[in-house]
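# An overview of the molecular structure
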Amino acid sequence: PTPEVRERPKILPQSRHWAAAAAMLVLLLLVPTIRAAMLGWQRNTDEFCAGYSYSGQAEVQRQDYTFGWLPEGLTEYAPPQHTDSGGEVLYVDSEGWFYSLTYTYASEDFETFLYTVGYEYSVTQVNGLAADLYIPTVPDESPGIVWFSEDETTMFIVSAPVDPDTLIYMAEHVIPVS
């Protein structure tokens, strides 16, 4: 007797082979988009903080910055601090309130946090770029604004005891140091 040969059942019917191949193609085409969405600057929040982080690598042209406009009557608190990772510029008024500009260059796995309890959050713009505005709801705190350079290689934070419009004006007049 000859052994009976049985055909092995197919795992997927022929019509589903094409569907699986199409799904794999779509997935392969989307991977760069998904990856790009996960790289760059990210904002994450919880009930206490807003965290800003950078994932990936960026070609950064290091540039130092300063205020191009400040309210009258301020004194430089300390010489500007410019480092390989960013910088800080601090002024103080006659009552001891600080006016600060902090900038940070994009670097792999960078992360910073802003304590946001007692602050209202809203989205605004600085020179046409999206910005996060934090306005205090408690006394003795200064508002702050966070935004990124057009090429998204630098994060800026300006904080000062002024009204939101003045804070945005200060942010719009952050300039490169020549």
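So, here is what we can say about the structure in this document. (Residues numbered from 1 in each chain as written. Predicted model: local features only at pLDDT ≥ 70, side-chain atom pairs only at ≥ 80, totals over all residues. Heavy atoms only, no water.)

Ranked by size, the top nonpolar core spans 38 residues in total, and within it Leu101, Ile145, Trp147 and Val158 carry the most contacts. Setting aside anything within four residues of it in sequence, one finds Trp147 in contact with Val126, Leu129, Ala130, Ala131, Thr154, Met155, Phe156, Val158, Ala171 and Val174. (Core = buried A, V, L, I, M, F, W, Y, C linked by side-chain atoms within 4.5 Å. Buried < 20%, exposed > 50% of the residue type's maximum accessible area, 1.4 Å probe, protein only. Contact = heavy atoms within 4.5 Å.)

Following the criterion strictly, the structure yields 11 aromatic pairs and no others. Seen from their ring centres, Phe67 and Tyr91 are 6.3 Å apart, and the 70° between their planes marks the pair as edge-to-face. Remark: Tyr91 occurs in strand S5 (residues 86-92) and Phe67 occurs in strand S3 (residues 65-67); sequence separation between them is 24 residues. Tyr91 carries the same exposure label as Phe67, and that label is buried. A ring pair is formed by Trp69 and Tyr169, whose centres lie 4.9 Å apart and whose planes are at 85°; its orientation type is edge-to-face. (Phe/Tyr/Trp six-rings, centres within 6.5 Å; stacked < 30°, edge-to-face > 60°. Helix = DSSP H or I, 4+ residues; strand = E, 2+ residues; numbered from the N terminus.)

This paragraph deals with the sheet that holds strand S2 (residues 49-55). With antiparallel pairing, the 3 strands of this open sheet are ordered in space as S1-S2-S7. Two strands close off the open sheet at either side, each with one partner strand: strand S1 (40-45) and strand S7 (110-115). With strand direction ignored, the average angle separating the axes of adjacent strands in the sheet is 20°. Of the strand pairs in this sheet, S1 and S2 are connected by 6 bridges, and their pairing is antiparallel. Across the sheet, the residue bridging to Arg43 is Tyr52, located in S2. (Pairing = 2+ DSSP bridges. Axes fitted to C-alpha atoms, helices over the stretch in contact; angles between N-to-C directions.)

All right, on to the pattern of salt bridges then. Scanning the entire structure with this criterion turns up 1 salt bridge. The residue Arg43 makes a salt bridge to Asp132 at a minimum N-O spacing of 3.6 Å. One end of the pair, Arg43, is in strand S1; the other, Asp132, is in strand S9 (residues 129-136), and 89 residues separate them in sequence. Since its relative accessible area comes to 11%, Asp132 is described here as buried. (Salt bridge = Lys/Arg side-chain N within 4 Å of Asp/Glu carboxyl O.)

A few words now on the sheet that holds strand S11 (residues 154-159). The strand order S4-S5-S6-S11-S10-S9-S8 describes an open sheet built from 7 strands, whose pairing is antiparallel. Unpaired on one side and paired on the other, strand S4 (75-82) and strand S8 (119-126) mark the two borders of the sheet. Strand-to-strand twist in this sheet, taken as the mean axis angle between neighbours without regard to direction, amounts to 15°. Sheet topology places strand S6 (residues 98-105) next to S11; 6 bridges connect them, and they run antiparallel. Looking at S11, one finds that Ser100 is bridged to Ser159.

Its boundaries defined by the atoms lining it, the largest pocket holds a volume of some 350 Å³. Forming the boundary of the largest pocket are 19 residues, of which Ser100, Leu114, Gly144, Ile157 and Ser159 lie nearest the centre. For the lining of the largest pocket, the elements supplying multiple residues, two or more each, are S6, S7, strand S10 (144-148) and S11. Residues of the lining of the largest pocket, tallied by class, amount to 10 nonpolar, 6 polar and 3 charged. Here the second largest pocket defines a volume of roughly 160 Å³. Considering the residues around the second largest pocket, the lining is formed by Trp41, Leu129, Ala130, Ala131, Asp132, Val146, Phe148, Ser149 and Glu152. Elements with a minimum of two residues in the lining of the second largest pocket: S9 and S10. Broken down by element, the lining of the second largest pocket gets its largest block of residues, 4 residues, from S9. Considered class by class, the residues forming the lining of the second largest pocket number 6 nonpolar, 1 polar and 2 charged. (1 Å grid on protein atoms, 1.4 Å probe; cavity = no way out; pocket = protein on both sides within 12 Å on 5 of 7 lines; lining within 4 Å. Points joined across faces, edges and corners; volume = space filled by probe spheres on them. Nonpolar A, V, L, I, M, F, W, Y, C, P; charged D, E, K, R; others polar.)

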